[in-house]
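# Understanding the architecture of this molecule
Chain by chain, the residues:
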Amino acid sequence: MSNRVMRKLLKEQEKDLAENENVSDIEIDAPVGGARKKQLNINRYELLGQQSHSESEVKEDDNETEAAKSCEGDNVHELVKKKRKKRKKKSGKHSTHRSSEDNADIDEVERSIKEVNRLLGECPKIASMDNQMVQDRPPDTKTVLTVQHKHLNPNNELKRIFGSKVVQAEHKRKNRGGSRTQLKRTWMVACRDNWPQVSKSGLSMSLLETKDGVQYFTYEHSQNYRQTENRFLQAVESLNPENITAIINERPYHVNALIQLSDIFKLSDDLAGAAELIERALYFLEFSFHPLFNVAQGNCRLDYRRQENRALFITIFKHLNFLGGRGCCRTALEFCKVLLNLDPKSDPLGIKLIMDFYALRAKEYEWLIGFVEDLDRRYNLLQLPNFAFSTALAYFYVNDIERADYYLQEALLMFPSLLMELLDKCSIRIDSRVSSHSFFTEPTEKNPTALNQLVKLYVNRTFHVWKDADILPWLERNVHDVLDRVDKKEPIVEAYKEKRLRRYAGALPISIVRHIVLSDNPGVSIHFLQNTPGPIMGFDPLPPNDSINLYTRPRRITVTGDRSNALATFLGSLLPMVNPQQVLPDRQPREVAEDEAQVGEQQPDEFRRSIASLVDAMRDLLNNIRPELQQNDADDDADFDTADET
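All figures in this text were calculated on a predicted structure; none of them were measured in a lab. Once a new chain begins, its residue numbering starts again from 1 and follows that chain's sequence as written. Totals for whole chains, interfaces and linings use all residues, but because this is a predicted model, local features are given only for residues with pLDDT of at least 70 and pairs of side-chain atoms are given and counted only at 80 or more. The side-chain numbers reported here are obtained from all heavy atoms of the structure, hydrogens and water having been left aside.

## Observations regarding the sheet that holds strand E2 (residues 214-221)
Condition: Strands qualify as paired when DSSP identifies two bridges or more between them. The helix count covers DSSP runs of H or I at least four residues long, the strand count covers runs of E at least two residues long, and both are numbered beginning at the N terminus. With axes taken as lines fitted to C-alpha atoms, and helix axes fitted only over the stretch in contact, angles between N-to-C directions fall between 0 and 180 degrees.
Judged by pairing direction, the sheet is mixed, and its three strands sit side by side in the order E1-E2-E3 without closing on themselves. This sheet does not close on itself; its edge strands, each paired only once, are strand E1 (203-211) and strand E3 (300-302). Here the average twist between neighbouring strands, direction ignored, is 35 degrees. Taken together, the three bridges between E2 and E3 define a ladder with parallel strand orientation. The partner of Tyr-216 across the bridge, within E3, is Arg-301.

Structure follows, in structure tokens:
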């Protein structure tokens, strides 16, 4: 029973005792406390109904006040009258005792309503001002870059594609015979049962500072981890793969060694083994996260200049490439968001060059349109060939043909050289008017080298998206419209040409070069890397000029201009039998002619056998590793769904 109701009941009992003429003098002179106690003892349970009714009336009065304050004009009095009649019907026999108090409460409510209406008489104006403030508010990047945990699990996407039974059967087959003990929850990678225990890792993360709601973190290496890292760098420099094998045997979760070994598996076409090694490295990096580091919040940053932080960038990039190869494009898009959130200002791996591709493959057309609308002013997305053409495709797939035509014509006017590259890659017969017009057939040598690289990267990555039978008529119609505008000599044609030459003058930014190297697209040449100092390491390609180094990189091998030589140089850091800089002794022309055919036949076979033997040895090593304690990353589908809601 509430204190308010108790006080009202006591006042009513005192009033009844005072007005009762049949009460004797002894009872009147009795202590008031005793009379109260006696009366309450008699009526305590009898008045429970009255107590509950009184509390409901109090709640109705409060709700009535709130509703009345939100109303205007004559509706206030009508609402009060309706509530009063409703309360009288509910009150029954107790209405005679409470009528005066109810009238007083209603009068107080009416006075409050009049005062509120007087103070808030300009409500429509205030509402319109609020709407204007919402419209003028800058775009919130968190809405388009928000990471959902359930989309980080590729099993969820595979279930939508192949069905849950197939995925569950495959999952049970891989984890057969293992027991799982939950140690730490991870979101990005599911810990497998055959992975060893993570203990005394030597890798940790610390919070550097918090500025404007953004938290800046960094990885830290212990003394033991530094010793292992120095051993790894020496193993790379020594060109002896057995040294890397020894490191993996002693430290199964050494990140850079796992990345390097994954590249060897990839070269031997063992993509499953290469992907698993990257997953293990990513799991270990996530296992070492700071408690406040959350990839879904979008406010956690890592400085790419720090040598210790680059492993997370490289591992995520390689992981999403493997996911895209498996057809998990929606999951790959989510990891693109994670990678961009780590350093959105500099984008050290040029992840924006691939986000549109995964958005189109995942059929996230609305998201792609919103991403361009929100971030184009900040990052000039439409000045990149990939976003210029992909945005037009997104509008086409959402049936906004008017905007699709506009964006496609703008893209063709800005990047005319892309059309011929695209049609040739798609094996589409070119129209006679298009093939004979100088606007689209201008030699690519006149274009900046940086632009040509971006065009080739986009065409080789996305050409199969343009093979849709519904897209080709739309593309043909807009191409002829563009030629009509060119023939009319519209000023925008010359303006876009000057803008194109000015914007892409000079060399490619190092972030885009890293993207091309890590993408390993066979249709994109890397001859522009001939002036790159030092070797190109798969675990840390092209470090920044202002790098904050904790370790000294090996610099014994230099990169040559040809792509095959660059690949051989990279392999030279892993295999002792590959030495691109080896100088052969002087021989006579006849000896060279005699041995040329034999060398050309023997070296590829020997090279393949060397890679195969090395991969077999490393696979046996990984299979012989038995975990001492299995662990669980809590990455089940049910956990993803529930956690995503929270």
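So much for the structure itself; the text now carries on.
## Regarding the confidence of the model for the protein chain
As a reminder of what qualifies: Scored from 0 to 100, pLDDT records how confident the predictor is in each individual residue. By definition, residues are in contact when any of their heavy atoms lie within 4.5 Å.
Overall, the prediction assigns the protein chain a mean pLDDT of 74, with 60% of residues at 70 or greater. Residue range residues 21-42 is modelled with pLDDT below 50. Its contacts to residues more than four positions away, or to other chains, number eight contacts. A low-confidence stretch, residues 177-182 stays under pLDDT 50, and its non-local contacts, those more than four residues away or across chains, total 16 contacts.

## Points about the pattern of salt bridges
Note the cut-off: We define a salt bridge as a side-chain nitrogen of Lys or Arg found within 4 Å of a carboxyl oxygen belonging to Asp or Glu.
Enumeration according to the criterion identifies 16 salt bridges in this entry. Glu-250 serves as the salt-bridge partner of Arg-231, at 2.8 Å between the closest nitrogen and oxygen. One end of the pair, Arg-231, is in helix H11 (residues 223-238); the other, Glu-250, is in helix H12 (residues 241-250), with 19 residues separating them in the sequence. Residues joined by salt bridges that share partners form a network here, namely Arg-330, Glu-334, Lys-337 and Glu-364.

## Some remarks on the side chain of Thr-218
Heads up, the rule is: Think of a polar contact as two N or O atoms within 3.5 Å of one another; within protein, one of them needs to be a possible hydrogen donor and the other a possible acceptor, and neighboring residues in sequence only count if both atoms come from side chains.
The topology assignment puts Thr-218 in strand E2. A polar side-chain atom of Thr-218 sits 3.4 Å from a polar atom in the side chain of Asn-309. Other than its neighbours up to four places away in sequence, Thr-218 contacts Ser-204, Met-205, Ser-206, Leu-208, Leu-302, Arg-306 and Asn-309.

## Overview of the pairing of E1
Judged from the eight bridges that link them, E1 and E2 form a sheet pairing that is antiparallel. Counted as the bridge partner of Leu-203 is His-221 from E2. As consecutive antiparallel partners, E1 and E2 are separated by two residues, and within that stretch Asp-212 has a phi angle of approximately 55 degrees, a positive value.

## Some details on the packing of helix H15 (residues 310-325) against helix H16 (residues 329-342)
Test applied: Oblique is the label for any angle not under 35 degrees, not over 145, and not in the 65 to 115 range, which are roughly parallel, roughly antiparallel and roughly perpendicular in turn. Crossings are sorted by hand: turned counterclockwise from the far helix by less than a right angle, the near helix makes the crossing left-handed, and turned clockwise it makes it right-handed. Under the scheme applied here, ten amino acids are nonpolar (Ala, Val, Leu, Ile, Met, Phe, Trp, Tyr, Cys and Pro), four are charged (Asp, Glu, Lys and Arg), and all others, including Gly, are polar.
Running from N to C, H15 and H16 cross one another at 165 degrees; their axes reach a closest spacing of 9 Å. Between H15 and H16, the angle falls in the class roughly antiparallel. In this structure, the crossing between H15 and H16 has a hand that is left-handed. The segment H15 lies against H16, with Leu-312, Phe-313, Ile-316, Phe-317, His-319, Leu-320, Leu-323 and Gly-324 engaging Thr-331, Ala-332, Phe-335, Cys-336, Val-338, Leu-339 and Leu-342. Split by residue class, the contact of H15 with H16 holds 12 nonpolar, three polar and no charged.

## Looking at the side chain of His-221
Here is the rule: The rule is simple: take the accessible area with a 1.4 Å probe, protein chains only, and divide by the maximum for that residue type; under 20% is buried, over 50% is exposed, in between is partly exposed.
Mapped onto the elements of the fold, His-221 is located in strand E2. Classification of His-221 by relative accessible area gives buried; the value is 13%. Apart from residues no more than four positions distant in its own chain, His-221 is found in contact with Gly-202, Leu-203, Arg-226, Glu-308, Leu-550 and Tyr-551.

## Topic: the packing of aromatic side chains
Condition: Stacked, tilted and edge-to-face are the three classes applied to pairs of Phe, Tyr and Trp rings, where Trp contributes its six-membered ring and a pair requires centres within 6.5 Å; stacked means planes under 30 degrees apart, edge-to-face means over 60, and tilted covers the rest. Working rule: Lys NZ or Arg CZ, within 6 Å of ring centre, within 35 degrees of ring normal, means a charge sits over the ring.
Using the criterion set out here, one finds 21 aromatic pairs in the structure. Ring geometry for Tyr-304 versus Phe-313: centroids 5.1 Å apart, planes at 90 degrees, classification edge-to-face. The pair Tyr-304 / Phe-313 is uniform in exposure class, with both members buried. Ring centres of Phe-439 and Phe-440 lie 5.0 Å apart, and the angle between their planes is 75 degrees; this geometry places the pair in the edge-to-face category. Of the two residues, Phe-439 and Phe-440, neither departs from the other in class, the shared state being buried. Taken together, the aromatic side chains of Tyr-365, Phe-389, Phe-396, Tyr-397, Tyr-458, Trp-466 and Trp-474 make up a single cluster linked through ring pairs. Over the face of the ring belonging to Tyr-304 we find Arg-310, whose NZ or CZ atom lies 5.8 Å from the ring centre. In this structure, Lys-352 packs its charged tip against the face of Tyr-379, placed 4.8 Å from the ring centre.

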